[in-house]
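# Working through the structure, step by step
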Amino acid sequence: MADLKVLKKKRSVLRTSLVKTCTSFEEELQVSSSDIDKIKALVDVLTTRYESLTVLDQEIGDILLQEDGDMDEEQAKIDQYSLKYFTCYNKAQKLFEGGDSKSATNVSVNPTHNNSSNQSQHSYKLPLLKLKEFSGDLADWLPWWGHFEKIHCDETLEDIDKLSYLTMCMTTGSPAQQLVASFPATQAMYPEVIKALTARVYWISCV
C-alpha cells in the first residue's frame, strides 16, 4: 500500500499548481485582448492537473477508509479544488463557444464532461503523464534522466510544475523520494532539488 504521507505531499504539489494555474487563467481573462492560444494551454494544464489530482484523491480516500479517517473533511477539501477547476472549465467553455470558431474548434478541454451537443468541438484529450520512476540507484540514473531531461529543459514549464513532475516520478519510500520530499514545494526550490539529486548520484558513484 502506498504511504499516505507521501501521497498527500504529491497531492499538495498538484493542488498548489492547480490554484496557480487557475489564477493565471483568471488574469488572462481580464486582459482586453486575451490570447486564445494561451487560454487554451492553461485549460489543458488545468485538465491534466485535475485528472492527476482525481487519481491521488481516490488512492488517499481508499487508505482513509481503511484507517477510519475523517472522510467528511477529506471530501470537503476535494470539493473545493473541484469547484476551482470547474469554474475555470465552464468559463472556458463559454468563451470558446461564443468566440472565434477557428480557435474554438481546436480547444482541448476534458471530454469526460462533454455532452453530445459540444463534443465535436474538442479534438483531443491530454493523457495522464506516465513518468519513469527513479529510486536513487546509480544504475537507474542515466535512463531516468534521459527521460526526465525533456521536462527539465522545457522552457514553457515553470519550475513549480517541473518540481511537481519530479515529485511524482520518485519511487515511493526510496532515498531519492525522501531527498526530494525534504525540500519545500516552492518555485525557488526546484534548482536546489536537482542539484541535491545530482550531488547524491555523484557521491554514490565515488563510493
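Here, every reference points to the structure presented above.
Thresholds applied
- Residues numbered from 1 in each chain as written.
- Predicted model: local features only at pLDDT ≥ 70, side-chain atom pairs only at ≥ 80, totals over all residues.
- Heavy atoms only, no water.
- Salt bridge = Lys/Arg side-chain N within 4 Å of Asp/Glu carboxyl O.
- Helix = DSSP H or I, 4+ residues; strand = E, 2+ residues; numbered from the N terminus.
- Buried < 20%, exposed > 50% of the residue type's maximum accessible area, 1.4 Å probe, protein only.
- Axes fitted to C-alpha atoms, helices over the stretch in contact; angles between N-to-C directions.
- Parallel < 35°, antiparallel > 145°, perpendicular 65-115°, else oblique.
- Left-handed = near helix turned anticlockwise from the far one by under 90°.
- Contact = heavy atoms within 4.5 Å.
- Nonpolar A, V, L, I, M, F, W, Y, C, P; charged D, E, K, R; others polar.
- Phe/Tyr/Trp six-rings, centres within 6.5 Å; stacked < 30°, edge-to-face > 60°.
- Core = buried A, V, L, I, M, F, W, Y, C linked by side-chain atoms within 4.5 Å.

This brings us to the pattern of salt bridges. For the coordinates displayed, the defined rule picks out nine salt bridges. Arg11 is the salt-bridge partner of Glu74, the closest N and O atoms lying 2.5 Å from each other. Linking Glu74 in helix H3 (residues 71–98) with Arg11 in helix H1 (residues 4–30), this pair joins segments that are 63 residues apart in sequence. Here Glu74 falls in the buried class, since its relative accessible area comes to 7%. A relative accessible area of 5% places Arg11 in the buried class. Taking the shortest distance from any N to any O, the salt bridge between Glu26 and Lys91 comes out at 3.0 Å. You can see Glu26 sitting in helix H1 and its partner Lys91 sitting in helix H3, a full 65 residues away along the chain. Given a relative accessible area of 36%, Lys91 falls into the partly exposed group. Overlapping salt bridges bring together Arg11, Arg15, Asp57 and Glu74 as one network.

On to the packing of H1 against helix H6 (residues 159–168). Two elements in contact, H1 and H6, have axes separated by 9 Å at closest approach and are oriented at 155°. As the angle between them shows, H1 and H6 are arranged roughly antiparallel. Both H1 and H6 take part in a crossing whose hand is left-handed. Of H6, the residues touching H1 (which contributes Lys10, Val13, Leu14, Ser17 and Lys20) are Ile160, Asp161, Ser164, Thr167 and Met168. Grouping the constituent residues of the contact of H1 with H6 by class yields four nonpolar, three polar and three charged.

Take the packing of aromatic side chains next. Within the structure shown, the criterion is met by twelve aromatic pairs. Between Tyr50 and Phe86, the ring centres sit 5.4 Å apart and the planes meet at 75°, which makes this aromatic pair edge-to-face. Taken together, the positions of Tyr50 in helix H2 (residues 36–66) and Phe86 in helix H3 put the pair 36 residues apart, joining distant regions of the chain. A relative accessible area of 24% places Phe86 in the partly exposed class. The interplanar angle of 10° and the centroid separation of 5.1 Å between the aromatic rings of Trp144 and Phe148 together place this pair among those described as stacked. Of this pair, Trp144 and Phe148 are both found in helix H5 (residues 138–152), four residues apart, which corresponds to roughly one turn of the helix. Each of the two residues, Trp144 as well as Phe148, counts as buried.

Attention shifts here to the nonpolar core. One broad rule of soluble globular proteins: the nonpolar side chains tend to lie buried together. Among the nonpolar cores identified, the biggest contains 22 residues, and Leu18, Phe25, Val43 and Leu46 are the most heavily contacted of them. Of all elements in the fold, only H1, H2 and H3 reach the threshold of two or more residues within this core. The dominant element in this core, judged by the number of residues it contributes, is H2, at ten residues. Other than its neighbours up to four places away in sequence, Phe25 contacts Ile39, Leu42, Val43, Cys88, Lys91 and Ala92. Membership of the second largest hydrophobic core comes to 19 residues, among which are Ile151, Leu157, Val193 and Ile194.

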